[in-house]
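# Structural characterization, general
Given next are the chains, with one letter for each unit.
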Amino acid sequence: MKILYAIQGTGNGHLSRALEIIPILQKKGHLDLLVSGTQGDLKLPYDVKYQLKGLSFIFGKKGGVDIWNTYRKNRMKRLYNEIKSIPVKEYDLVINDFEPVTAWACAMAKKNCFGLSHQSAVLHPLAPKPLKEDWLGLKILKQYAPCSFSYGFHFKAFDDRIFTPVIRSEIRQLQPEKLDHYTVYLPSYSDQKLLKLFSSFPQFRFEIFSKHFKKASEIANIVIKPVNNNDFIESLRSCSGVICGAGFETPAEALFLKKKLLVVPMKGQFEQQCNAAMLKTMGITVLKNLKKKHYPKIEKWLLKDEIIEVNFPDETEMIIDKLIAVALQEQNTTVTNTEIV
């Protein structure tokens, strides 16, 4: 079986999940990898056959997506040429983790595309949605990387094609402990904003991970560090709690390690608003933003224990086998129908 696995390269979540999925797919057939997008800090330790610009969202400095820079840095003609360049018909199976180039290449070629992503779960009718309707955000999420079949990951499994998060092996193997610092990862806010905020709680220690700092610095009760996978994992392993955006992988890993969690969803990012809605149903503290009026809520969270029990079993290979079984069934059905015609 010839398999194409297409991965969204914006951010780190899709790539970290791919690290667990790729070795399983390699056992199932000949595997080619495609990565599109920018702003990811992780590098895959595998050969990537197709490395594309794709369609990326650019983070701002005030807690949201920078719409102007997102539009300015994405070239529609280049994107269309990339879509035309991918030979999806050469593959027996195309698996897509919210990657737009391959999704649209399959759509144009009338080729089945199997979504295997968190976004597939977010779009499910049973998944919690924010109270404030965002028709544009929902439309973008639906049209960004459309797939023929959808398998999804969420904080809860609520359907036979929705599963709990894929937790990296290096996280599963950790022995967590509780030291006195809080791990902070909020890349859509400026360092100045975060330093001002957390210096307001001098009785607590914070380790802030920043995309802009090149060298670790200590400022009063705060250590600010460049984003580094090993340092981040150690901080996560030993922290008292985690303060982060309402993405998927970091909150999932924090919950798996039984860490207290506070999330701040990005403005203008519908997926994070949906994640926040789900986390809220689980009892997680959610803040709309980091304005000063929310400081009492942050202090209240810092002072109390708030451990949420979850069960995230390691079932990644079972999920892949289930997807492949459906793909083979669809192939056989197509062949049979063609023979009849």
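The paragraphs below set out a description of the structure included in this document. (Residues numbered from 1 in each chain as written. Predicted model: local features only at pLDDT ≥ 70, side-chain atom pairs only at ≥ 80, totals over all residues. Heavy atoms only, no water.)

## Re a nonpolar patch on the surface
Residues Trp135, Leu136 and Ile140 make up a contiguous nonpolar surface patch of roughly 340 Å² in combined accessible area. By the element assignment, Trp135 lies in helix H6 (residues 135–144). (Patch = residues over 30% accessible without salt bridge, like charges linked within 9 Å, V, L, I, M, F, W, Y side chains within 5 Å. Areas by Shrake-Rupley, 256 points an atom, 1.4 Å probe, with all protein chains shown as cover. Salt bridge = Lys/Arg side-chain N within 4 Å of Asp/Glu carboxyl O. Helix = DSSP H or I, 4+ residues; strand = E, 2+ residues; numbered from the N terminus.)

## Some remarks on the nonpolar core
In terms of nonpolar packing, the biggest core is built from 57 residues, with Tyr5, Leu116 and Leu255 touching the most fellow members. Setting aside chain neighbours within four positions, we find Leu116 in contact with Ile21, Ile95, Asn96, Asp97, Tyr151, Phe153, Ile319, Ile320 and Leu323. Leu197, Phe198, Leu290 and Ile298 belong to the second largest nonpolar core, which has 23 residues in total. (Core = buried A, V, L, I, M, F, W, Y, C linked by side-chain atoms within 4.5 Å. Buried < 20%, exposed > 50% of the residue type's maximum accessible area, 1.4 Å probe, protein only. Contact = heavy atoms within 4.5 Å.)

## So, the sheet that holds strand S3 (residues 50–52)
In spatial order, the strands read S3-S2-S1-S4-S5-S6-S7; together these seven strands make up an open sheet with parallel pairing. Looking at the sheet topology across the chains shown, the edges are occupied by S3 and strand S7 (162–163). Contacting strand S1 (2–8), strand S2 (30–36), S3 and strand S4 (93–97), helix H4 (residues 100–109) runs over the sheet at an angle of about 140° to S4. (Pairing = 2+ DSSP bridges. Axes fitted to C-alpha atoms, helices over the stretch in contact; angles between N-to-C directions.)

## As for the pairing of strand S12 (residues 241–245)
Counting buried positions along S12 gives five out of five residues, so the element sits mostly inside the fold. Relative to S12, strand S8 (residues 181–185) runs parallel, the two sharing four bridges. Its bridge partner lying in S12, Thr183 is registered against Val242. Relative to strand S13 (residues 260–264), S12 runs parallel, the two sharing five bridges. Bridging from a neighbouring strand, Ile243 pairs with Leu262 of S13. Since S12 and S13 lie parallel, the crossover through helix H10 (residues 249–256) that links them has a hand, and here it is right-handed. (Right-handed = clockwise from strand over helix to strand, strands pointing away.)

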